[in-house]
Amino acid sequence: MKNTMQITSQQMQDVLYKLFLKYKFTKEKAQLLAQTYTESTLAGVNSHGINRVPLFLEYVENGSVKINAEAEKVESFGSIERWDGNYGPGIINATKCAKRAVKLAKTHGMGLVALRNTNHWMRGGTYGQLAADAGCISILFTNTQPNMPPWGGKDSRIGNNPFIVSIPRKGGNVILDMAISQFAFGKINDYKLRGKKLPFPGGWDANDELSNDPEKITVKERGLPIGYWKGSALSIILDMLATLLSAGNSTYKVGQKDFETGISQVYLCIYQEVFHDKALQEKLLNEIIDYTHDVEPMQAGDKIYFPGERSALTREENLKNGMPVSESVWEKIRTLSES
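Note on numbering: residues in each chain are counted from 1, in written sequence order. Given that this is a predicted model, residues contribute local features only at a pLDDT of at least 70 and side-chain atom pairs are listed and counted only at 80 or more, while totals for whole chains, interfaces and linings are drawn from all residues. As a rule here, side-chain values cover all heavy atoms of the structure and leave hydrogens and water aside.

## Quick word on the pairing of strand β6 (residues 163-167)
Formally: We treat two strands as partners when DSSP finds at least two bridges between them. Here a helix means four or more residues in a row that DSSP labels H or I, a strand means two or more in a row labelled E, and each is numbered from the N terminus.
In the sheet, strand β5 (residues 136-142) pairs with β6 via 4 bridges, with the strands oriented antiparallel. Bridged to I139 within β6 is V165. Two strands pair when backbone bridges link them, and β6 and strand β7 (residues 174-178) are joined in this way by 5 bridges, in the antiparallel orientation. Looking at β7, one finds that I167 is bridged to V174.

This is how it looks when you write it as structure tokens:
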């Protein structure tokens, strides 16, 4: 990687903890924020890890993120609850609501928490991992500001609405974490930061042509939906569900704000223990994974991965060798923490 340096996870966590304390977060919240941003970077998701910290602090400074606010339950319907995030930090709110959905699932078999008026949760896979570690299957999603045109349209009217599914597994949890755009905008900005082109087209340029140039895509912020028209439809459906279940803001309403804030999210968990057949579940999962792994790759030397496998391997490598981090981003964060 161009213009990068290696940072250990402990170094990063220590600097971020100090930085968040400086911004008046409590010790507990500063620790959770520092740990979450570090874990995302360890998994190789710098776009929603260390690279995102300066923007998060801008949102704190402009008042979009209320540092002392937290999500609270506003309505309860048995195993289904509605919560209001009160515009608190997205990571803090998401952690609280994911844990609550797990608790509801362990009580009822299934639990759903719909959250409104929250902020960006950063890496959605964080909460899929949390649920899977607690023995729950999870289905999680969020809406966003408009950053993709509906299929056939010129202007962005739908969000890239990240979608997460996690499944507990002894040999390594299965975790799908994907935006409904071909590339998350954090990832597009990561390529832009490194001066690289995307490996595939990721959005439209100012001339309405598909492009793999991050500079051209970010001018109007018009991402390409996964699966073209199918991804466009999926984005709309996820926005509808998040909005209706939480009674919160839709992508339309979020787009009317000056900043991406007040978004809506869903946390659905299923407790596997209710089936009393964990051994069978492990066997069935491993059959699928083994069958998927055992295919001849198109390119010699390539390997096939199940969702979440590559991130787990990246985490192991980064723990051993240190995490590659943009020098400019790290310098900015060090300056913020020490000034």
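## So, the packing of aromatic side chains
Spelled out, the test is: Paired rings are identified among Phe, Tyr and Trp, the last through its six-membered ring, by centres lying within 6.5 Å, and are further divided according to the angle between planes into stacked (under 30 degrees), edge-to-face (over 60) and tilted (the rest). Type-normalised accessible area, obtained with a 1.4 Å probe on protein chains alone, sets the label of each residue: buried when under 20%, exposed when over 50%, and partly exposed for intermediate values.
The tally for this structure, following the rule as stated, stands at 14 aromatic pairs. Centroid distance W121 to Y267: 5.9 Å. Interplanar angle 75°. Geometry classified as edge-to-face. Note that W121 is positioned in the loop between β4 (110-118) and α5 (125-133) and Y267 in strand β10 (residues 263-271), a separation of 146 residues in sequence. You can call W121 buried: its relative accessible area is 1%. A residue is classified by how much of its surface remains accessible, and Y267, at 0% relative accessible area, is buried.

## Comments concerning the packing of helix α2 (residues 27-42) against helix α4 (residues 90-108)
The condition is simple: Every axis corresponds to a line fitted to the C-alpha atoms, with the helix fit spanning only the stretch in contact, and the corresponding angles, defined between N-to-C directions, vary from 0 to 180 degrees. Oblique is the label for any angle not covered by the other classes, which are roughly parallel (under 35 degrees), roughly antiparallel (over 145) and roughly perpendicular (65 to 115). What makes two residues a contact is simply this: any of their non-hydrogen atoms within 4.5 Å.
As a packed pair, α2 and α4 sit with axes 10 Å apart at the nearest point and diverge in direction by 90°. Taken together, the axis directions place α2 and α4 in an arrangement best described as roughly perpendicular. When α2 is examined against α4, the residues K29, L32, L33, T36 and Y37 are found in contact with a partner set consisting of I91, I92 and T95.

## Describing the sheet that holds strand β3 (residues 80-84)
Pairing is mixed across the open sheet formed by 7 strands, whose spatial order is β2-β3-β4-β10-β5-β6-β7. Edge positions in the sheet fall to β2 (72-77) and β7, since each of these pairs with one other strand and no more. When the angles between neighbouring strand axes are averaged without regard to direction, this sheet yields 10°. Seen against the sheet, helix α8 (residues 229-246) touches β3, β4, β5, β6 and β10 and runs at an angle of roughly 85° to β10.

## Details of the side chain of S250
Along the chain, S250 turns up in the loop between α8 and α9 (251-254). Not counting chain neighbours up to four residues away, the residues in contact with S250 comprise N143, D239 and T243.

## A word on unusual backbone geometry
Backbone geometry places N117, a non-glycine residue, at a positive phi of 55°. Of note, the phi angle at Y228 is positive, near 55°, even though the residue is not glycine. Topologically, Y228 is positioned in the loop between α7 (214-220) and α8. Since its relative accessible area comes to 41%, Y228 is described here as partly exposed.

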